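Observations on the three-dimensional arrangement
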Amino acid sequence: MSKRPFSPKSRAHGRPPVKRCPSGGEIIAAAIKAANNDNLPPELCDDSLLHVLSYADTSSLVHFTRGTNNAIRGTTLDGKIWKDAFDNHHLAPLDVESNSNPPDYYNALRRRLTLFSNLSGKTMRRNKQLKHSYNLPSRFFHFVPILPNHLMHYPPAGVENNSDKDISFHLVDSQHHGDGDSDLEDDDFNDVNNDLDQIIYSSNFDPPPVEFSCDSYSLTSAGTGSELVFLNPFSGTVEVRNVLDNAVGNDEAILEQAMMQASESILNLRQQHDSSSLHHHDDENSEIIAGETFHRSSMYDTPPKQVLYSVDDYFDLDLNEYFGEHTPFQNRRSSGNVTSDWVGVDSHSALSDSNSLTGTLIGAARILTVEPEQRGEEEIACTEVFAWSNFDHKTGEVVVGGNASSPYCFKHVVKVAGSFYFLDVCANKHKVFAAFQVGSCPFEVVTPDDVEARRRARGNRVLAEINDDDSVVNEDGEPIRMSRTIFCLPLIKCDDSQPSTPESIRSNFPTPDSSIKAEYPVSSFSIDPTGNNLVVGTVNGTVEIWDTSRSTNPRRTQLLSVPQSFLKRHRAMTLDERNTSKPVEMNESIDKPSDNELEDAATTIRESSIQDDIALLAIGGEEIPHKHPTSKISQIYLPRHLTAQKCGFVTKQRNPDYGTTLLLWQTPSMFLEEAARSSGDRFKITAMINVPLSAQCHPEVHYDGRRLLVFGKDHIGLIILVYHVLGTRFDQDEFNDYKKTKLNAKGEESGGVINLEEECRVKFVNRIRHAGLDGLAYFDSMLMTANERYVVINTKAGHLIGCDGRNACEGLFIIDLEDSRNCEAET
């Protein structure tokens, strides 16, 4: 897009000149003139301005706001302009607790853009005139130690935790002012000493190791909220806490805060006492106060805001509700030992049709297994999925508690007689999508076609050799028998205050509302926040798009093949089109809208195309940039607040020999207006990232439509890679000004990026390293959750960030992108 100087006539008097603006500067100048014209009808003026300003970028909108008169500012028109700008940036909706009447979208947009700038290092590189990656300042890093409950020091009942009062200051104050002027009584002073003795005693022992065997934490907000759901690895409780509760900052930040607290304490004493000797006495002990505060800045640890599943719930577990006579196991009950294994916790956002945030749902799943009494008998497994929400699914009313917290008081549950291997929850429609292992699902009926498909899969040795076998096994090393069917189950409302009855026990084992039959065994899937689109990945490297707007009758709209996509590109590049190098429609042969054409194409792929693909890929492997396009789709990433049609989605394929490859799938019309988009718009691969990480580790990925974060390990150590995805036209200028880095021998840009379109869709912007990102081996679980403000990762070297005196080094590594030096509150 060309740029031209902004017209001086459109500037307000006395404001600094604007150097450059988009080509719509003259339109903005005309809009300002029209807005300041009192002769135009208000309705016509507002509608016309909103339409004109929908084509403006952020800087032009700022010029418009500053160039209009005071009568326009603060009106509903101004609010609509910045709400549309906020939504068009594809940012997460404002959190429920941060909503005001009306919300300040202008400051919220400024804050969100600043957070992304801090993550990418754009502002810091510009200030320091650097071109390479810029690591974040130390004040952004925090460490939350994870300790057993007996090492935590929670406040007694009726006592609030006041972080402004530190133990060390009270000790010094009591020792030097024992003449009755102290703020503490004798009993309080003894209690404080006992508390300090307990802390010193616990610091003589190393805390036990922290092992996360599953997805154990997740940020509940996709925006800037600090709420975290946490599966405690020691007690097994499901808790809701603040992500920075009990956090330890880096030593420099703690020392700075301690000195400030000590200075404020001394100033307060000087105001209370006029004696000059006391002033001198305080100055002598200022370093003592600061030093003690350095080690311990709060008297108590902060307890969780809410406990969703407590230790008492384990003791109240009634096995008859899972394996009794009123359950599907009534004919095969067993009296063996029962094992309860958590599979993980997660959080989901519910969006209305107007893309506003309805509420949040926290999901947790576990599998109860009855060990066989005799050798040779089969284990009996029962899957249970919990769902706690802060909104009423029927009325949509959100429950907001005190202290800006949202209590999750609506509980739902679903039980299934079998064990699943992949699951996702739809918060908007209160549905559970689950894929069960073959032979472990009570709903699936084995058909002759299924038997024939398994026979062909066993006979396809070439295809079996390229599968990622090490990630298709369970914790015991046994292979996971993936199925082709995904079932949609309803969540049943649960009331723990009422005693269980035979009817309530039966109702917790519902029948599926519908099922989805994929062409190949399902390896992963993801449902979008509206619940209207399901993206399915298979073991053969194919992706299917399903329309689930009607839960009882899902319909497949697209069938995409990664091998076919790259083969078409390979054939085009090896023919006369090599010189033109025009983009190729990479999945047109199999992207058929009708079900009949889809079935015909799928049959062709199933029989001959896969074998041909493997042969061609083996011959011309050097021409194809994908490391291993026939690998299974191990994970699909969809933003929690956007539909796939708005921002696309990312698929992950991993091979133990070649590493990990990420593919970005987008539609050609995703940048058009909502009304101009076609419902049958086809997805295609627009960019690819051969992640420059070790092939041994399983990297964690986070995608929110604009940011793509990859957490893994390279030849140096643990690292976070940051990519910028073009998901909205508001970022077009940054990509237009982006100069591609020098390509390596494989045709990759920096960060392993390969843009497959003429237009750049992905660019590598930053890498983050820190000494606190250490200690995790390739066999350890590498977990990550993130939103627009926080990035949370597990670590075993948290003591390299800071220490709270309890020798803790394992816990959560937190990056807070909010700069504490110029923090702004989002309203």
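1. A short note on the overall build of the protein chain
When you go through the protein chain residue by residue, the secondary structure sums to 19 helices and 33 strands. Burial analysis of the protein chain (827 residues in total) assigns 52% to the buried set. Of the contacts formed within the protein chain by residues at least 6 apart in sequence, a portion of 67% connects residues at least 24 apart. About 39100 Å² of surface is accessible on the protein chain, with carbon and sulfur atoms providing 48% of the total.

2. Details of the confidence of the model for the protein chain
For the protein chain, per-residue confidence averages 74 on the pLDDT scale, and residues scoring 70 or more make up 64% of the total. In this model residues 575-622 is a low-confidence stretch, pLDDT under 50, and it forms 77 contacts with partners more than four residues away in sequence or in other chains.

3. Considering the pattern of salt bridges
Applying the stated criterion across every chain yields a total of 21 salt bridges. Here Glu759 and Arg761 are joined by a salt bridge, their closest N and O atoms 3.2 Å apart. A single salt-bridge network, built from bridges that share partners, covers Glu211, Lys796 and Glu810.

4. As for the nonpolar core
Counting residues in hydrophobic clusters, the biggest one holds 25 residues, and the most contacted among them are Phe711, Ile720, Ile768, Val791, Ile793 and Ile815. Within the residue set of this core, elements represented by two or more residues are helix H5 (105-120), strand E3 (141-145), strand E27 (707-713), strand E28 (718-725), strand E30 (762-768), strand E31 (784-786), strand E32 (790-795) and strand E33 (811-816). Considering every element that reaches this core, the biggest residue donor is E28, with three residues. The contacts of Phe711, once residues within four sequence positions are left out, are Pro699, Glu700, Leu718, Ile719, Ile720, Leu773, Leu776, Met782, Leu783, Met784 and Ile793.

5. As for the packing of aromatic side chains
All chains considered together, the criterion is met by 18 aromatic pairs. An angle of 65 degrees between the planes, with centres 4.8 Å apart, marks the rings of Trp82 and Tyr106 as edge-to-face. Linking Trp82 in helix H4 (residues 76-88) with Tyr106 in helix H5, this pair joins segments that are 24 residues apart in sequence. We classify Trp82 as buried; its relative accessible area is 2%. Taking the centre distance of 5.5 Å and the plane angle of 80 degrees together, the rings of Tyr309 and Trp342 count as edge-to-face. Note that Tyr309 is positioned in strand E8 (residues 306-309) and Trp342 in strand E9 (residues 338-351), a separation of 33 residues in sequence. There is no split in this pair, since Tyr309 and Trp342 are both buried. Taken together, the aromatic side chains of Tyr309, Tyr314, Trp342, Phe386 and Trp388 make up a single cluster linked through ring pairs. Here Arg706 stacks its cationic end above the ring of Phe116, 4.4 Å away from the centre of that ring.

6. Topic: the side chain of Glu818
Inspection of the secondary structure puts Glu818 in the segment after E33. At 2.5 Å, the side chain of Glu818 forms a polar contact with the side chain of Arg111.

7. Comments concerning the sheet that holds E32
The sheet built from five strands is open, its strands ordered E7-E3-E33-E32-E31 with antiparallel pairing. In the strand order of this sheet, the two ends are held by strand E7 (248-249) and E31, each with one partner. Pairing geometry for E32 and E33, over six bridges, is antiparallel. Looking at the pairing, Asn794 lines up with Leu812 of E33.

8. Concerning the pairing of strand E20 (residues 542-547)
Across the six residues that make up E20, a large majority, five, are buried. Here five bridges tie strand E19 (residues 533-538) to E20, and the two strands are oriented antiparallel to one another. By the bridge assignment, Leu534 is partnered in E20 with Trp546. Between E19 and E20, which pair antiparallel one after the other, the connecting turn spans three residues, and Gly541 there sits at a positive phi close to 80 degrees. As paired elements, E20 and strand E21 (residues 555-561) share six bridges and run antiparallel to each other. Within the sheet, the bridge partner assigned to Asp547 lies in E21 and is Arg555.

9. Describing the environment of Ser440
Within the secondary structure, Ser440 sits in the loop between strand E14 (431-436) and helix H13 (448-459). Since its relative accessible area comes to 17%, Ser440 is described here as buried. Taking the C-alpha atoms as reference points, Ser440 and Ala381, separated by 59 residues in sequence, lie 8.3 Å from one another. Other than its neighbours up to four places away in sequence, Ser440 contacts Ala417, Gly418 and Ser419.

10. A closer look at unusual backbone geometry
We note that His90 has phi near 60 degrees; this positive angle belongs to a residue other than glycine. In this structure, His90 sits in the loop between H4 and H5. Even without a glycine there, the phi angle at His430 is positive, about 55 degrees.

11. Some remarks on the environment of Asp819
With respect to the helices, strands and loops of the structure, Asp819 is situated in the segment after E33. A sequence separation of 704 residues divides Asp819 from Leu115, and the C-alpha atoms of the two residues are 8.5 Å apart. Setting aside anything within four residues of it in sequence, one finds Asp819 in contact with Asn118, Arg139 and Phe140.

12. Topic: the sheet that holds strand E17 (residues 514-517)
Taken in spatial order, the four strands make up an open sheet running E13-E14-E15-E17, and their pairing is antiparallel. Bordering the open sheet on either side are strand E13 (420-426) and E17, each of which pairs with just one other strand. The mean inter-strand angle of the sheet, taken between neighbouring strand axes irrespective of direction, is 20 degrees. When E14 meets strand E15 (residues 485-490), the two strands line up antiparallel, connected through four bridges. Residue pairing in the sheet places Ala434 in a bridge with Phe487 of E15.

What counts and how
Residues numbered from 1 in each chain as written. Predicted model: local features only at pLDDT ≥ 70, side-chain atom pairs only at ≥ 80, totals over all residues. Heavy atoms only, no water. Helix = DSSP H or I, 4+ residues; strand = E, 2+ residues; numbered from the N terminus. Buried < 20%, exposed > 50% of the residue type's maximum accessible area, 1.4 Å probe, protein only. Contact = heavy atoms within 4.5 Å. Areas by Shrake-Rupley, 256 points an atom, 1.4 Å probe, with all protein chains shown as cover. pLDDT = per-residue confidence, 0-100. Salt bridge = Lys/Arg side-chain N within 4 Å of Asp/Glu carboxyl O. Core = buried A, V, L, I, M, F, W, Y, C linked by side-chain atoms within 4.5 Å. Phe/Tyr/Trp six-rings, centres within 6.5 Å; stacked < 30°, edge-to-face > 60°. Lys NZ or Arg CZ within 6 Å of the ring centre and 35° of its normal. Polar contact = N/O pair within 3.5 Å; in protein donor to acceptor, adjacent residues only side chain to side chain. Pairing = 2+ DSSP bridges. Axes fitted to C-alpha atoms, helices over the stretch in contact; angles between N-to-C directions.

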